[in-house]
Every structure is written in C-alpha cells, then in structure tokens.
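So you can see what is in the structure, the chains are spelled out below.
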Amino acid sequence: MAKPHSTFVCQNCGAISQRWQGRCEACEEWNTIVEEAPSSGIGARAAAGKGRVFALEGLDGQSKEAPRIISGITEFDRVAGGGLVPGSVILIGGEPGIGKSTLLIQACATLAMKKHRVVYISGEEAVAQVRLRAARLGLASAPVELAAETSVEDILATLKQGKQPALVIIDSIQTMWTSTVEAAPGTVTQVRGAAQALIRFAKTTGACVILVGHVTKDGQIAGPRVVEHMVDAVVSFEGDGGHQFRILRAVKNRFGPTDEIGVFEMTGSGLSEVANPSALFLSGRDASAPGAAVFAGMEGTRPVLVEVQALVAPTSLGTPRRAVVGWDPARLSMVLAVLEAHGGLRLGQYDVYLNVAGGLRVNEPAADLAAAAALVSSLTGAPLPAETVYFGELGLSGAVRPVTHAGQRIKEAAKLGFKAAVGPDQSGEAGPLSLRACGHITALVADIAASGAGRRAPAPQRPRAVGTA
Ligand code: TYD
Ligand code: MG
C-alpha cells in the first residue's frame, strides 16, 4: 500500500490542498496553510470492507426526551432555547476578556448548587486562577469539579468515572489535543479531532458539553468553522470594552430559536442579568437633542427599544464620510439614497455618522425608519418628539413596509412610557399607543421639517437643511 502523504490544511477554513501555497484558494486568506500528517484510523475500517450492520428506524418511533437542565441563569437558559438539552454540545464564542469564563463558572456554580455533577476543564488557566475568580464571585463553596487539562483522552477517561456529569465545560477547544490525530495542537485537524471526541462523549453519555471558542479580529470563531457545523448550538458573547453590557446571542440552535438574546451587565461581582434591557439601553438619553430616534426593535422573541443616533455635519473632505456603529453600513447607504431620491434631501456635502447607543448590534431591516428619522432630525436640527418610537422597513421606492411583531413592539413601548409610534400602517396592532401611520418617506421628512419650522431657525452651519428636489 502506498505511504500516505501529508496534507496541507488551511487553518482558517479547513480546505485541504495537495501542496503548500501562500494563499488558500478556498477562503483567499494568506499564510494560513499548514502541513499536517494524515489522520490515522479514520476510514481504515470502511476501506477494509468491514462495516457493521445496523437497524434503521421510522420517524414515528418512541424516543424519550430527557428534561432540559435549567441553569437558573434565566438569560442563559433563554438563549439555549429554554434550558440545556442533555447530550447536546454548545459552542460559545467571544473575544478575549469579554467574560466567557466568568459566565460559565457562574452557570456551573448555580447548577452544582442544585446537586448536578458539573465539571469545569480549563486548558488556559491554572486551577488556582479559576478558584481565585470563583472566590471573587462569591462562588467558592459551590461543588464544581475543576481541572486544568488539555489531553482529550485523559479528560474523557476522568469524566467516565463516577456519576455521569450533567454539564462539562471545555475552556477552550483550541487548547485541547487528542493523540488520535498527528498534528500540532491548535491546528484545524486537532481542534476538529478533539471536538469530535467530545461530541461523541456528549451523545453517548447524555452530558451537556459547552465548548469555548476564541474568535478572530473579525468576529469569526477562530480557525475551525468546521466545529460550528458539528455542534448543536453556536452562541456568541458580544459587547465592547466601553460598555458594561454583554449580549449572548444564539447563532445556530438545533433545539430552539436563533436570534434570541440574553443581556448581562459586567459588574464588580461578575455578570448580572438584565431583565429589562430596553430600560438599560434608553438610560441616559437626552430626548431633546436632535438626531436621536428610539427604535422599537425585536431581538428573537423579545422586544427591545434602543436609541439610534445620527450626526449629519458639513464635510471638509472631497468624499464625505459615512460611518456606522451597530448597524449594517450597506443599509445606511440605502437609507441615504432613499432620502436623497424620494425625501428631497441633499446629503452630498455632509458627513454622516450613525450609532446604535448602548453597544447593541441591530440586524433588523425594521430599523430603517428610525435611522431615517434620526438622520432627518440631525440634518434639520429639529428634535424628534420625545415620547415616540419608530419602526418600519424602507423600500427603494421610499415606501414604508410592514414589519413583523408590530403589536409586541408597541406594547413594549407603552410599557416604557412612550405615547406614540410612527410606522407602517398596521393600525390593527396599535394597542395602547397612538400609531401614526407613515406610508412613505416623504411624509416622515415633511413631518419632521414641519415640527422644526416652528422652532428657532436651524443653526447657521446648516443652511441647506431640507432642500426640495
Ligand atoms: P473572562 O471571563 O476571563 O473573559 P474570557 O474568558 O471571555 O476571556 O473575563 C475577564 C474580564 O471580565 C476581565 O477583563 C475582568 C472582567 N471581570 C469583571 O469586571 N468582574 C468580575 O467579577 C470578573 C470575574 C471579571
Ligand atoms: Mg477565558
């Protein structure tokens, strides 16, 4: 039999090539290809034609569903789809220092207090460091079993001893290595091999396994996207250094809805849950300033109100600047184009900045109308009415299109003391608020311009406030 050749594996996307090259042809990343020895064993038995015969089953068979394990951290359980599913594997990704280890040690401690066997394996920190953190969080007395280990075989052998664990944390998957694969630790092949072994353990024993994954600068879970396909749920933990808020978001979930978020606040004593995120995101708002609109958004099944801030200022550059934080830049370009084409605004001489306050990332097209309102308000210098929320998707024709869950958005706004909503005509769902139907972008621009007309003249540096086309 021919001697197996080593393969060249891209550490970014997992693509395999036959020779080394500077740039991966699949993902076009530079310097990511590493030589790896062929994996031993896998496929060898199949090649020898010694397959085992197994029974096939029907869809209507009886499978008993084990109850979900409720961690007690409501925001965490919500993102998992209503508790952890026994036998499932969750990958949690996030930037270094965002609080992954803190969140998981807190979840471990609450579960361990409820008499579940919980094991926390750290490949990055020494046992003393994990203990120190737990002590700082006031969780030192929780019966969590700790170890600092990186060998998957040793970990699995240890886990199989004693009572079956309900939850196993592997912090992080990139530090694990398995001796069944002849590649350096940290390479795609190793990470994949280690993940495979841990997933098999979860499926056969019914323990829930949570893998921590590092993310790269652009927010991808580092290296092995392949692991994302192997696990049952992928959850990302987001936030930025300037804010205390941390958002746990389900990206993929085989056992529950995605796009569900959990909101936490990083405090001196660990992560605390935020039960009413809208109040948090709107705190410190200056409702009398122009350029701020409150967007009634939805995150999964939960309505969340956030402030969309815009600054439109005369440019000193040849090409005006367009900058966005917390929203899709392509959507900002689209909203600006619609405002120019159908709203009669001239924005070519202005820099435009858009920011979603509080560090939240909004992914919904329903934020178009709020962004447009904030932009027009900033351009005209007319503040928007204080007790009004905005929602609605903009079409390229300037029409405001209906959005989902209008009723829930309005209910949340009413709960927080808002009096009116501006959105597409979905008056059936107005509920407790007065819904001012806005069918077209021209109506929105005219409304805001009219409310500004009664005030002081716009600031002198904005002479060409609303020029009609
Ligand atoms: P950590 O959980 O170690 O992050 P990760 O595992 O995602 O890399 O979190 C570390 C950060 O959290 C660190 O910058 C300090 C901060 N922190 C607090 O603010 N309060 C606390 O009680 C703890 C434990 C951490
Ligand atoms: Mg950590």
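Analysis parameters
- Residue positions are given per chain, counting from 1 as you read along its sequence in written order.
- All chains are assigned letters beginning with A, and all ligands numbers beginning with 1, in the order in which they are written.
- For a predicted model such as this one, the threshold for reporting local features is a pLDDT of at least 70, and the threshold for listing and counting side-chain atom pairs is 80 or more; totals across whole chains, interfaces and linings nevertheless cover every residue.
- Hydrogen atoms and water are omitted, and side-chain values are computed over all heavy atoms in the structure.
- For every residue, the accessible area obtained with a 1.4 Å probe (protein chains only) is divided by the maximum for its type, and the residue is called buried under 20%, exposed over 50%, and partly exposed between those limits.
- In this text, helices come from DSSP runs of H or I with a minimum length of four residues, and strands from runs of E with a minimum of two, each type numbered from the N-terminal end.
- When DSSP finds at least two bridges between two strands, those strands are taken to pair.
- Each Phe, Tyr or Trp ring (for Trp, its six-membered ring) is paired with any other whose centre lies within 6.5 Å, and the angle between the two planes then decides the class: stacked below 30 degrees, edge-to-face above 60, tilted in between.
- Throughout, the protein atoms alone are placed on a 1 Å grid, and a set of points is a cavity if a 1.4 Å probe fits but cannot get out or a pocket if it is open with protein on both sides within 12 Å along at least five of seven lines; lining residues have an atom within 4 Å of a point.
- Grid points are joined across faces, edges and corners, and a volume is the space filled by probe spheres set on the points.
- Following the grouping adopted for this structure description, the nonpolar residues are Ala, Val, Leu, Ile, Met, Phe, Trp, Tyr, Cys and Pro, the charged ones are Asp, Glu, Lys and Arg, and the polar ones are all others, Gly among them.
- To get an axis, a line is fitted to the C-alpha atoms, and for a helix only the part in contact is used. The angle between two axes follows their N-to-C directions and goes from 0 to 180 degrees.
- The criterion used for residue contact is that any of the two residues' heavy atoms lie within 4.5 Å.
- The near set for a molecule or strand comprises every residue that places at least one heavy atom within 4 Å of it.
- In the analysis that follows, any N or O atom pair within 3.5 Å is treated as a polar contact, provided that within protein one partner can donate a hydrogen and the other can accept it, and provided that, for residues neighboring in sequence, both atoms belong to side chains.
- Here the nonpolar core consists of buried residues drawn from Ala, Val, Leu, Ile, Met, Phe, Trp, Tyr and Cys, with membership extended through side-chain atoms lying within 4.5 Å.
- Segmentation of the chain into domains, including their bounds, is taken from an automatic or database domain assignment.
- The span expected for a helix works out to 1.5 Å for each residue beyond the first.

### Re the pairing of strand β9 (residues 233–238)
Counting buried residues in β9 gives 5 out of 6 residues, a clear majority hidden from the surface. Alignment of strand β4 (residues 89–94) against β9, held across 5 bridges, turns out to be parallel. Among the inter-strand pairings, Leu91 is bridged to a residue of β9, identified as Val234. By the bridge criterion, 6 bridges tie β9 to strand β10 (residues 245–253) in an arrangement that is antiparallel. Paired with Ala233 across the strands is Asn253, a residue of β10.

### Let's talk about the packing of aromatic side chains
Under the criterion given, the structure shown has 2 aromatic pairs. The interplanar angle of 85° and the centroid separation of 6.1 Å between the aromatic rings of Phe237 and Phe264 together place this pair among those described as edge-to-face. One end of the pair, Phe237, is in strand β9; the other, Phe264, is in strand β11 (residues 261–267), with 27 residues separating them in the sequence. Residue classification places Phe237 among the buried positions, given a relative accessible area of 3%.

### Re empty space enclosed by the protein
Within the structure shown, the criterion is met by 4 cavities of 30 Å³ or more. Of the pockets and cavities examined, the largest cavity occupies roughly 50 Å³. As for the largest cavity, its lining consists of Arg285, Ala287, Ala292, Ala293, Val294, Leu384, Pro385, Ala386, Thr388 and Tyr390. Contributions of two or more residues to the lining of the largest cavity are made by β13 (292–299) and β17 (388–390). For the lining of the largest cavity, the per-class residue count stands at 8 nonpolar, 1 polar and 1 charged.

### Section: the sheet that holds β13
In space, the 7 strands of this open sheet follow the order β15-β16-β14-β13-β17-β20-β21, with mixed pairing throughout. For this open sheet the edge positions go to β15 (322–325) and β21 (434–437), each flanked by a neighbour on one side alone. Between one strand and the next, the sheet's axes are offset by a mean angle of 30°, whatever the strand orientation. With 8 bridges joining them, β13 and strand β14 (residues 302–314) adopt antiparallel strand pairing. Among the inter-strand pairings, Val294 is bridged to a residue of β14, identified as Glu307. Strands β15 and β16 (350–356) of the sheet are contacted by helix α9 (residues 329–342), whose axis makes an angle of about 130° with β15.

### Details of the sheet that holds strand β5 (residues 118–122)
The strand order β6-β5-β7-β8-β4-β9-β10-β11-β12 describes an open sheet built from 9 strands, whose pairing is mixed. Every interior strand has two partners, whereas the edge strands, β6 (145–148) and β12 (270–273), have only one. Neighbour-to-neighbour, the strand axes of this sheet turn through a mean angle of 25°, independent of strand direction. Its contacts with the sheet put helix α3 (residues 100–113) on β4, β5, β7 (167–171), β8 (208–214), β9, β10, β11 and β12, and the angle it makes with β5 is roughly 155°. Of the strands in this sheet, β4, β7 and β8 touch helix α6 (residues 188–205), which is tilted by about 160° from β8.

### A word on the side chain of Arg409
Along the chain, Arg409 falls in helix α11 (residues 406–415). Residue contacts for Arg409: discarding those within four places in its chain leaves Phe295, Ala296, Gly297, Met298, Pro303, Glu364, Ala366, Phe391, Val403 and Thr404.

### Points about the site of ligand 1
Taken together, 16 residues lie around ligand 1, and Gly97, Lys100, Ser101, Thr102 and Arg133 are the ones closest in. Ser101 is positioned such that a nitrogen or oxygen atom in its side chain is 2.6 Å from an oxygen atom of ligand 1. Gly268 places a polar main-chain atom, nitrogen or oxygen, 3.2 Å from an oxygen atom of ligand 1. The element best represented in the shell around ligand 1 is α3, accounting for 3 residues. A per-class count over the shell around ligand 1 returns 4 nonpolar, 8 polar and 4 charged.

### Concerning the nonpolar core
If you look at the biggest cluster of nonpolar residues, it comprises 65 residues, and the most contacted ones within it are Leu339, Leu375 and Leu444. A total of 9 residues in this core trace back to one element, the largest contributor, which is helix α10 (residues 368–380). Summarising the domain contributions, this core has at least three residues from each of domain 2 (74–275) and domain 3 (280–451). Counting 39 residues, the second-largest nonpolar core is a separate cluster that includes Ile69, Leu103, Ala107 and Ala112.

### Notes on α10
When the terminal C-alpha atoms of α10 are compared, their 18 Å separation across 13 residues agrees well with the 18 Å that a helix rising 1.5 Å per residue should span. The buried fraction of α10 is high, at 13 of 13 residues. Gly381 sits one or two positions beyond α10 and adopts a positive phi of about 75°.

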